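# Results of the structural survey
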Amino acid sequence: MGDVAVRTAAIIGGGVIGGGWAARFLLNGWDVRVFDPDPEAEAKLAPVLAQARRALPSLTDVALPDEGALSFHSDLAEAVADAGWIQESVPERLDIKHRTLAAVQAACPKDAIIGSSTSGFKPSELQEGAARPGQIMVFHPFNPVYLMPLVEVVPSPATDPAIIARAKATLSALGMFPLHVRKEIDAHIADRFLEAVWREALWLVKDGVATTEEIDEAIRMGFGIRWAQMGLFDTYRTAGGEAGMRHFMAQFGPALQWPWTKLMDVPAFTDELVELIAGQSDAQSGHMSIAQMLTARDDNLVGMMRSLKANDWGAGAVLNTHEAGLRAGTVLGARAEDLEDVSAPILTVRRAVPLDWTDYNGHMNEARYLQAFGDATDRFMALIGCDAGYIATGGSYFTAETHIRHLDEVHAGTVIEVRTQVLAGAGKKLHLFHEMRDGARVLATGEHFLLHVSLETRRPSEPAPEILAALERIAAAHAGLPVPEGAGRAVGQRP
Ligand SMILES: NC(=O)C1=CN([C@@H]2O[C@H](COP(=O)(O)OP(=O)(O)OC[C@H]3O[C@@H](n4cnc5c(N)ncnc54)[C@H](O)[C@@H]3O)[C@@H](O)[C@H]2O)C=CC1
Ligand SMILES: C[N+](C)(C)CC(=O)CC(=O)[O-]
């Protein structure tokens, strides 16, 4: 047992869930060591990583850190030796989990965090017979782990509180939402819920009331969309009208006595039931490969979460917090006064091209070039102090003129950078030149003329002195730079 490598995760069991954890850690810059006795483990992980690399960078408007190093180990002790985080994702069998956790604790650092992905076992069950019970807890994730924010953090009374706090902070830094389950129960919170819905659905199919497809339509055309943004209780609160939950309960409370559920009973799990469900599922979706379904799933999840991000709501608010963490300590989160040297064009955007920015031509749509340049302008404004706080006081910039040159195509997943040069910045006037690159290639340039305005009169106005001072400092520093190629160019002009 050596020193702890804080940003090294050991993934024990690299199946559906272990693979998702591996991708989540790796794409957030952690080194990842995988132990799985299956000789196909490496081959199984490859498509999961490919899916994650395609989808996860699309979620945020700031690029993720560089990927960590991935290694596969045939010896569990070697994989966990100095790991700071150990995530057990072996099959849902208590005897296998006990054996695995014992082997982990025999070789891992005493202050490493050990989590189990178990869907249903209580942490106190996992801790039975453990060398250091306080080190073990449950981190129950949701599939696909690289995209879904929720992870149920379930300690037992024996779990060390210091580990809980450290674990929650780490999960947040990975862009996840750690939900602290205060009282351990079988199947935690979310799987209680999923199990109830699952059992009800089995009854509906078994009794011939609905097919698997009809049940899925009932979810995805209706309450599934509502739940994704507001959950259960807030949804029902809004359904109660102005009187909210009290009216809702007065109206639907009596249904508790009516035969509205079959949850007091479970259908017999027979071969016949399995055939009925699996046959209907084949008829419903057998025309798609699982890989096609996973791609559709990821695209839909990314699109939904990005919509929620725009509203800073629910899972989208978690993304915004993650993004603020990615900006912190970099030029993308700095104020002008924090930057000693502003003499070169300033990095204002560093992001991956998200999946939903590409169009029928298979490359980034023209409108997204303006979006990226608009984001660069917003970032420049924040840099000189024209941020949300300043705008709330009634001052801002409006764009009066824009000229974009589309110089090269770019595809989803590519990391693009925008650097911004101030061509003029004095009084009310702000003249910016943005250059977008993906490393060596210049992809586009954007030239923008803005005026500072009063949001009250909607007319041009002088910026606050501190904004002007920050702007003039950068403008003076950029005055000595060559005029960028393409600046002031008219549309259609020959090169
Ligand atoms: N599949 C799901 O939707 C979810 C599963 N979970 C939980 O995650 C855990 C893993 O489930 P899945 O990934 O779905 O299973 P899986 O069957 O896809 O993967 C299990 C992996 O563990 C490996 N394995 C078997 N014995 C091992 C051992 N002694 N040491 C190391 N690796 C071993 C297998 O080779 C396999 O790759 C379970 O506890 C499950 O309840 C949690 C959330 C969702
Ligand atoms: C079905 N399941 C119990 C394995 C589901 C989970 O544990 C969470 C999920 O991702 O649905």
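Residues numbered from 1 in each chain as written. Chains lettered and ligands numbered in written order. Predicted model: local features only at pLDDT ≥ 70, side-chain atom pairs only at ≥ 80, totals over all residues.

The name that an unreviewed UniProt entry assigns to the protein is L-carnitine dehydrogenase, with the source organism given as Tateyamaria omphalii. Here is the UniProt Subcellular location (unreviewed entry) comment for the protein, exactly as written: "Cytoplasm". (UniProt positions renumbered as here; feature names shortened; annotations may be inferred.)

## Quick word on the sheet that holds strand β6 (residues 136-141)
Through backbone hydrogen bonds, the strands of a sheet pair up, either in parallel or in antiparallel fashion. Reading across from one edge, β3-β2-β1-β4-β5-β6-β7-β8 is the order of the eight strands in this open sheet, with mixed pairing throughout. A single partner strand is all that each edge strand has here, and the edge strands are β3 (70-73) and β8 (177-180). The average angle at which neighbouring strand axes cross in this sheet is 25 degrees, direction not considered. Across four bridges, the pairing between β6 and strand β7 (residues 150-154) is antiparallel. The residue of β7 that forms the bridge with F139 is V153. (Pairing = 2+ DSSP bridges. Helix = DSSP H or I, 4+ residues; strand = E, 2+ residues; numbered from the N terminus. Axes fitted to C-alpha atoms, helices over the stretch in contact; angles between N-to-C directions.)

## Examining the sheet that holds strand β11 (residues 415-426)
In spatial order, the strands read β9-β11-β12-β13-β10; together these five strands make up an open sheet with antiparallel pairing. Two strands close off the open sheet at either side, each with one partner strand: β9 (346-352) and β10 (395-406). Each neighbouring strand pair of the sheet contributes to a mean axis angle of 25 degrees, computed without reference to strand direction. Across 10 bridges, the pairing between strand β12 (residues 429-438) and strand β13 (residues 441-454) is antiparallel. Looking across to β13, one finds that K429 is bridged to L451. Helix-sheet contacts for helix α14 (residues 366-383) involve β9, β10, β11, β12 and β13, and the interaxial angle to β9 is about 135 degrees. Docked against the sheet, helix α16 (residues 465-478) engages β11 and β12, running at close to 100 degrees with respect to β11. (Contact = placed C-beta atoms within 7 Å.)

## Regarding the environment of L355
On the secondary structure map, L355 appears in the loop between β9 and α14. Residue classification places L355 among the partly exposed residues on the basis of 19 C-beta atoms within 10 Å. Measuring from C-alpha to C-alpha, the distance between L355 and E485 comes to 30 Å, with 130 residues separating the pair along the chain. Contact partners of L355, with chain neighbours within four places excluded, come to A55, S58, D299, V302 and A412. (Buried ≥ 20, exposed ≤ 12 C-beta atoms within 10 Å, placed from the backbone.)

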